[in-house]
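Chain by chain, the residues run as shown.
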Amino acid sequence: MNENVFYMEANNLVVKLIGEEFPNFNQGLLIRLLNYFHKLVGYEEEGAKVRPDILFTDSISSIEKNIENCFKLTLFTDDNEMNFERRLKSLLCFCQKDWCVYVELKQDKITYGIIRSMNSIKEKSLKDLLEDKKEKIATMCHYVLVDVRSQSHILIKGANNNNLIVNFGLTEQANYNWEGVITRFVDASVSKVKTTQKKLNEIKTLYENIFRNAFQNVHGAICLVVDKDYKDQTGILSDGVWLNEPIELSKLFFQSKSFSESKLRAISELFVSMLNYDGITIVDNAGKILAYNVFVEISQKSYKTLIGGARKRAAATLINSKNKKFIGVYFQSQEGENSYEEVKHNGKENKEVKK
């Protein structure tokens, strides 16, 4: 039997969403975007995976004016949509460094460039600010954000609360909640940080920015959250690199006089590198980075039916350890699946948020 199977439902829903959010969207460009969609989920530049963000709007200046510390760089202007694929090829590489590609659609021209918020790493990103200001921005212009979340999922959203996840997989396991996963992980990681509510919120934003960066760029990760009083008395986590002086991310900007943005960014990039390294990265719930490249002994018999590789089995080992000083485990696969699960204690069911 020979049969072509098409994702016509997804096609129709994308067209419907864009039509509702952006009525004057260039129809020729829409066709080219739909044809380009499948390339976005597996996009690579020089062998490195890129999960791009593309912002389509009819007024990039309105967005720029409403986003704090926003900077845009205009690079190409065309009379029609014929160069769409070529322009994206030139711009998507910048998404590795937190830039968002923008495409501005006017009646007589199409303009391409890149845009980002120049805020501190402890402040909100362009996408967060866009979400915060969307009601105001919606009164001034139309926009649709295409946000590649994994090797099989693209999130499309507009200012009027129309959201759509396009699933290129063949299963339905994906009412994914990326933001919820990261939020729960961050809450656990700073639950015993003692400071003012304002500074605690800044610390949470810092962690969220780091993990969104990790989510976009690492090849897979396990991060274990332990209690601040944890001591490895059983030796279960002895196979790894423990820092002689734990890195206290939260303290890097507690004192405004000694706060250094460049130092904070450098340490944050170091943390992402640790997450990207083989093994488990360990943090405590007082905002400290304790160890990386940590390995645990895995029972092959216990997890022989578990679908996934060594990283997933290691995460399951930690989650089911019943260690009272283990708080929770953040897991991210190479394909972009992520989850945060609380460690099971005394046989009680753990809570879970999956992507």
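All figures in this text were calculated on a predicted structure; none of them were measured in a lab. (Residues numbered from 1 in each chain as written. Predicted model: local features only at pLDDT ≥ 70, side-chain atom pairs only at ≥ 80, totals over all residues. Heavy atoms only, no water.)

## Quick word on the overall build of the protein
Applied cut-off: Under the scheme used here, helices are H or I runs from DSSP no shorter than 4 residues and strands are E runs no shorter than 2 residues, and both carry numbers assigned from the N terminus. Burial classes: relative accessible area under 20% of the type maximum marks a residue as buried, over 50% as exposed, and values in between as partly exposed (1.4 Å probe, protein chains only). Contacts are residue-level and defined by heavy atoms, with any inter-residue pair within 4.5 Å sufficient. Using the Shrake-Rupley algorithm and a 1.4 Å probe, accessible areas are obtained, with residue cover drawn only from the displayed protein chains.
Looking only at helices and strands, one finds 10 helices and 16 strands in the protein. Buried positions account for 48% of the 355 residues belonging to the protein. Within the protein, counting contacts between residues at least 6 apart in sequence, those at least 24 apart form 65% of the total. About 18000 Å² of surface is accessible on the protein, with carbon and sulfur atoms providing 48% of the total.

## Description of the sheet that holds strand β6 (residues 110-117)
Pairing between sheet strands relies on hydrogen bonds along the backbone, with the strands arranged either parallel or antiparallel. Rules: Strands are treated as partners if at least two bridges between them are detected by DSSP. Throughout, an axis means a line fitted to C-alpha atoms (over the contacting stretch in the case of helices), and angles, computed between N-to-C directions, take values from 0 to 180 degrees.
Read across the sheet, seven strands follow the order β4-β6-β5-β3-β7-β8-β9 without closing on themselves; strand pairing throughout is mixed. If you trace the sheet from one side to the other, it starts and ends with β4 (70-78) and β9 (163-167), each paired once. Strand-to-strand twist of the sheet, defined as the mean angle between neighbouring strand axes without regard to direction, takes the value 20°. The pairing of strand β3 (residues 53-57) with strand β5 (residues 100-105) spans four bridges and is classified as parallel. Residue pairing for β5: Phe56 is matched across the bridge by Val103.

## Examining the pattern of salt bridges
The following threshold applies: When a carboxyl oxygen of Asp or Glu lies within 4 Å of a side-chain nitrogen of Lys or Arg, that pair is called a salt bridge.
In total, this model carries 15 salt bridges according to the counting rule given. Between Lys127 and Asp53 there is a salt bridge, and its shortest N-O distance comes to 3.4 Å. Of this pair, Lys127 sits in helix α5 (residues 126-132) while Asp53 sits in strand β3; the two residues are 74 residues apart in sequence, bridging distant segments of the chain. In this structure, Asp187 engages Lys204 in a salt bridge whose closest nitrogen and oxygen atoms are separated by 3.3 Å. With a gap of 17 residues between them, Asp187 in helix α7 (residues 178-189) and Lys204 in helix α8 (residues 197-217) connect regions that are remote in the sequence.

## Overview of the confidence of the model for the protein
What counts here: Along the chain, pLDDT gives the predictor's confidence residue by residue, from 0 to 100.
When pLDDT is averaged along the protein, the result is 85, and 88% of the positions lie at 70 or above. Counting contacts from residues 347-355, a segment whose pLDDT is below 50, to residues more than four positions away or on other chains yields 36 contacts.

## As for empty space enclosed by the protein
Rolling a probe over the atoms, with the probe sized like a water molecule, indicates the empty space that remains. Convention followed: Put plainly, a pocket is an open set of points on a 1 Å grid over the protein atoms alone with protein on both sides within 12 Å along at least five of seven lines, a cavity is a set where a 1.4 Å probe fits but cannot get out, and a lining residue has an atom within 4 Å of a point. Grid points are joined across faces, edges and corners, and a volume is the space filled by probe spheres set on the points. Throughout, the ten residues Ala, Val, Leu, Ile, Met, Phe, Trp, Tyr, Cys and Pro are labelled nonpolar, Asp, Glu, Lys and Arg are labelled charged, and all others, Gly among them, are labelled polar.
Scanning the model with the defined rule gives one cavity of 30 Å³ or more in all. Put simply, the largest cavity is a space of about 50 Å³. Forming the walls of the largest cavity are Lys49, Val50, Arg51, Gln216, Asn217, Val218 and His219. For the lining of the largest cavity, the per-class residue count stands at two nonpolar, three polar and two charged.

## Let's talk about the side chain of Asn209
Under the convention used in this document: In the analysis that follows, any N or O atom pair within 3.5 Å is treated as a polar contact, provided that within protein one partner can donate a hydrogen and the other can accept it, and provided that, for residues neighboring in sequence, both atoms belong to side chains.
Structurally, the position occupied by Asn209 is in helix α8. Looking at Asn209, its side chain comes within polar contact range of the main-chain oxygen of Ile121, at 2.5 Å. Ignoring sequence-local partners within four residues, the contact set of Asn209 consists of Ile121, Lys122, Glu123, Ser125 and Asp128.

## Topic: the packing of aromatic side chains
Which entries qualify depends on this criterion: Within 6.5 Å between ring centres, the rings of Phe, Tyr and Trp (the latter by its six-membered ring) count as paired, and their orientation is classed by plane angle as stacked under 30 degrees, edge-to-face over 60, tilted in between.
Across all of its chains, the model carries nine aromatic pairs by this definition. Ring plane angle 75° and centroid distance 6.0 Å describe the contact between Tyr36 and Phe84, whose orientation is recorded as edge-to-face. Separated by 48 residues along the polypeptide, Tyr36 in helix α2 (residues 27-41) and Phe84 in helix α4 (residues 84-91) bring together distant segments of the chain. An angle of 70° between the planes, with centres 6.2 Å apart, marks the rings of Phe71 and Trp99 as edge-to-face. With Phe71 in strand β4 and Trp99 in the loop between α4 and β5, this residue pair connects regions lying 28 residues apart in the sequence. Taken together, the ring pairs in this structure connect Phe22, Phe25, Tyr36, Phe56 and Phe84 into an aromatic cluster.

## Concerning the layout of surface pockets
Of the volumes computed, that of the largest pocket is approximately 1300 Å³. Forming the boundary of the largest pocket are 50 residues, of which Asp98, Asn209, Arg212, Asn213 and Gln216 lie nearest the centre. Secondary structure elements with two or more residues in the lining of the largest pocket: β2 (48-49), β6, α5, β7 (143-148), β8 (153-158), α7, α8 and α9 (261-276). Element by element, the count of residues in the lining of the largest pocket is highest for α8, at seven residues. A per-class count over the lining of the largest pocket returns 17 nonpolar, 15 polar and 18 charged.

## Observations concerning the environment of Tyr102
On the secondary structure map, Tyr102 appears in strand β5. Along the primary structure Tyr102 and Phe56 are separated by 46 residues, whereas in three dimensions their C-alpha atoms are 5.8 Å apart. For Tyr102, the contacting residues outside a window of four places in its chain are Leu55, Ile60, Lys72, Leu73, Thr74, Thr111, Tyr112, Gly113, Ile114 and Ile115. At a separation of 2.6 Å, a polar atom in the side chain of Tyr102 contacts the side chain of Thr74.

## Quick notes on the side chain of Glu21
Going by this rule: Residues scored as positive are Lys and Arg, those scored as negative are Asp and Glu, and His as well as the terminal groups of each chain are ignored.
The topology assignment puts Glu21 in helix α1 (residues 8-21). The buried charged residue Glu21 lacks any salt bridge, with Lys134 as its nearest oppositely charged partner at 7.9 Å. At 2.9 Å, the side chain of Glu21 and the side chain of Asn162 are in polar contact. Not counting chain neighbours up to four residues away, the residues in contact with Glu21 comprise His142, Tyr143, Val144, Gly158, Ala159, Asn160, Asn161 and Asn162.

## Some words on unusual backbone geometry
For Asn161, which is not glycine, the phi dihedral falls at a positive 70°. Secondary-structure assignment places Asn161 in the loop between β8 and β9. Looking at Asn161, the relative accessible area reads 52%, which means it is exposed. Positive phi values are uncommon outside glycine, yet Asn293 reaches one of about 55°. Mapped onto the elements, Asn293 comes out in strand β13 (residues 288-295). When its relative accessible area of 18% is taken as the criterion, Asn293 is described as buried.

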